[in-house]
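Listed below, chain by chain, are the residues.
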Amino acid sequence: MSNQNFRSILTGSFSTPCADNPTVAMIEAAYRHAGLDARYINCDVKAGNLAAAVRGAVAMEWVGFNCSLPHKVAVIEYLDELAEAARIIGAVNCVAIRDGRLVGNNTDGKGFLASLREVIDPAGKKVFLLGAGGAARAIAVELGLADVAHITVVNRDPAKAETIAALVRDNTKSDATARPWVGNARVPEGTDIVINATSVGLGDADAMVEVDPDTLAKGQVVADVIPNPPMTRFLREARQRGCTPLDGLGMLVNQGVIGVELWLGATLDAGVMKQTLRDIFGASDAG
Ligand code: NDP
């Protein structure tokens, strides 16, 4: 009998469709780099099969899984506990399984914050946030928990912007206001951080979010959640005006790092993960 171990640690993702999600390549490259005998299984789970998939993960003693669309809210009813930000956001994209107990987290906003902290300390800063979907909601709550001074949430549908602003005001020490997005948005003077959290730019390097780029100010941090292509037109316009651009690859990599820390207690190599995504997206450092 051999005393080798042929049983891998199991992690993965439940979503549908899932075939275009590169997270498996990013995380398995980092598992290999760390010498970890762990797998990340990318599973296509239809809405009606979520309960069975969660039970299956527990039965097979997975240590955790990510949830993407359409499961981020639906998964909550199968969990035993929620981390603070996930409770406030009302959505879970990362579940840790310990002794059969399921704990829900939201690593989207945390991934963004980890990326942002590489260029600026958000505490006390003024933020202009474009969009009010799931990504914007997670980012706004984490910015609030990180004690930003004020967030202006701008969205075409103003009711969604107000919901997020109220969430920040009611659950964190930060102030927030909502604004309807009409025509070319102007970034207010005194803004420290501008964030595109809309889907504009995804898969289209020429698409420009409706913002007057001449209202961006030198020295501002301008961030985009779009991971592919990473150097969006918005970020290129910002860079030309002396702003510090922050691409969506950092958010994607960091939410992966944070998820694996929750599951395995191991910190993966962010550089290996980012390079894997760059290779997949065919992106250079310059974008
Ligand atoms: P949602 O569908 O929940 O929200 C989309 C948002 O974009 C809404 O606020 C919508 O406004 C706005 N929007 C869409 N088109 C336009 C437009 N033409 N002009 C102005 N606003 C527009 O999506 P998510 O929040 O889940 O995701 C948003 C983006 O974030 C996606 O592209 C996704 O790839 C990216 N993302 C990146 C992550 C990363 O790790 N880098 C993680 C998660 C998401 P309205 O409400 O008015 O329709």
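Residues numbered from 1 in each chain as written. Predicted model: local features only at pLDDT ≥ 70, side-chain atom pairs only at ≥ 80, totals over all residues. Heavy atoms only, no water.

Participant: Just to check I follow, could you spell out the overall build of the protein for this structure?
Facilitator: When its secondary structure is counted, the protein shows nine helices and twelve strands. Taken along the three principal axes of its C-alpha coordinates, the protein extends 70 × 40 × 30 Å. Taken over 287 residues, the protein has a buried fraction of 51%. Put simply, the protein shows about 12,900 Å² of open surface, and 50% of that area lies on carbon and sulfur atoms. Computed over 27 positive and 33 negative side-chain charges, the separation of the two mean positions in the protein equals 1 Å. (Helix = DSSP H or I, 4+ residues; strand = E, 2+ residues; numbered from the N terminus. Buried < 20%, exposed > 50% of the residue type's maximum accessible area, 1.4 Å probe, protein only. Areas by Shrake-Rupley, 256 points an atom, 1.4 Å probe, with all protein chains shown as cover. Lys, Arg positive; Asp, Glu negative; His and termini not counted. Charge placed at Lys NZ, Arg CZ, Asp CG, Glu CD.)

Participant: Explain the sheet that holds strand S7 (residues 126–130) to me, please; I cannot follow it from the model alone.
Facilitator: Strand pairing within a sheet occurs via backbone hydrogen bonds; the two strands may be parallel or antiparallel. With respect to topology, six strands assemble into an open sheet ordered S9-S8-S7-S10-S11-S12, the strand pairing being parallel. Of all strands in the sheet, those bounded by a partner on one side alone are strand S9 (175–180) and strand S12 (244–246). With strand direction ignored, the average angle separating the axes of adjacent strands in the sheet is 15°. Relative to S9, strand S8 (residues 150–155) runs parallel, the two being bridged by six bridges. (Pairing = 2+ DSSP bridges. Axes fitted to C-alpha atoms, helices over the stretch in contact; angles between N-to-C directions.)

Participant: Even after reading the chapter, I still don't get the UniProt feature "domain: SDH C-terminal" (unreviewed entry) in the protein, so can you show me in this structure?
Facilitator: UniProt tags residues 248–278 as "domain: SDH C-terminal" (unreviewed entry). For residues 248–278, the helix share is 84%, the strand share is 0%, and the end-to-end C-alpha distance is 11 Å. (UniProt positions renumbered as here; feature names shortened; annotations may be inferred.)

Participant: Where do I start with the UniProt feature "binding site: shikimate" (unreviewed entry) in the protein in this structure?
Facilitator: Sequence positions flagged by UniProt for "binding site: shikimate" (unreviewed entry) are, in local numbering, Ser68, Asn93, Asp108 and Gln255. What stands out for the annotated residues spanning 188 residues is how close their C-alpha atoms remain, the widest pair being 12.4 Å apart. By the secondary structure assignment, Asn93 is in the loop between helix H3 (84–89) and strand S5 (94–98). Here Asn93 is in contact with Phe65, Asn66, Cys67, Lys72, Asn105, Asn106, Thr107, Asp108 and Gln255, once residues within four sequence places are set aside. With respect to the helices and strands, the residue Gln255 is situated in helix H8 (residues 248–264). With near-sequence residues (within four places) excluded, Gln255 lies in contact with Asn93, Thr107, Asp108 and Gly111. (Contact = heavy atoms within 4.5 Å.)

Participant: Help me understand the sheet that holds strand S3 (residues 64–67), please; the structure alone is not making it clear to me.
Facilitator: Spatially, the six strands line up as an open sheet ordered S2-S1-S3-S5-S6-S4, and their pairing is mixed. The outermost strands of the open sheet, each flanked by one partner alone, are strand S2 (38–44) and strand S4 (81–82). Of the strand pairs in this sheet, S3 and S5 are connected by three bridges, and their pairing is antiparallel. Among the inter-strand pairings, Phe65 is bridged to a residue of S5, identified as Val95.

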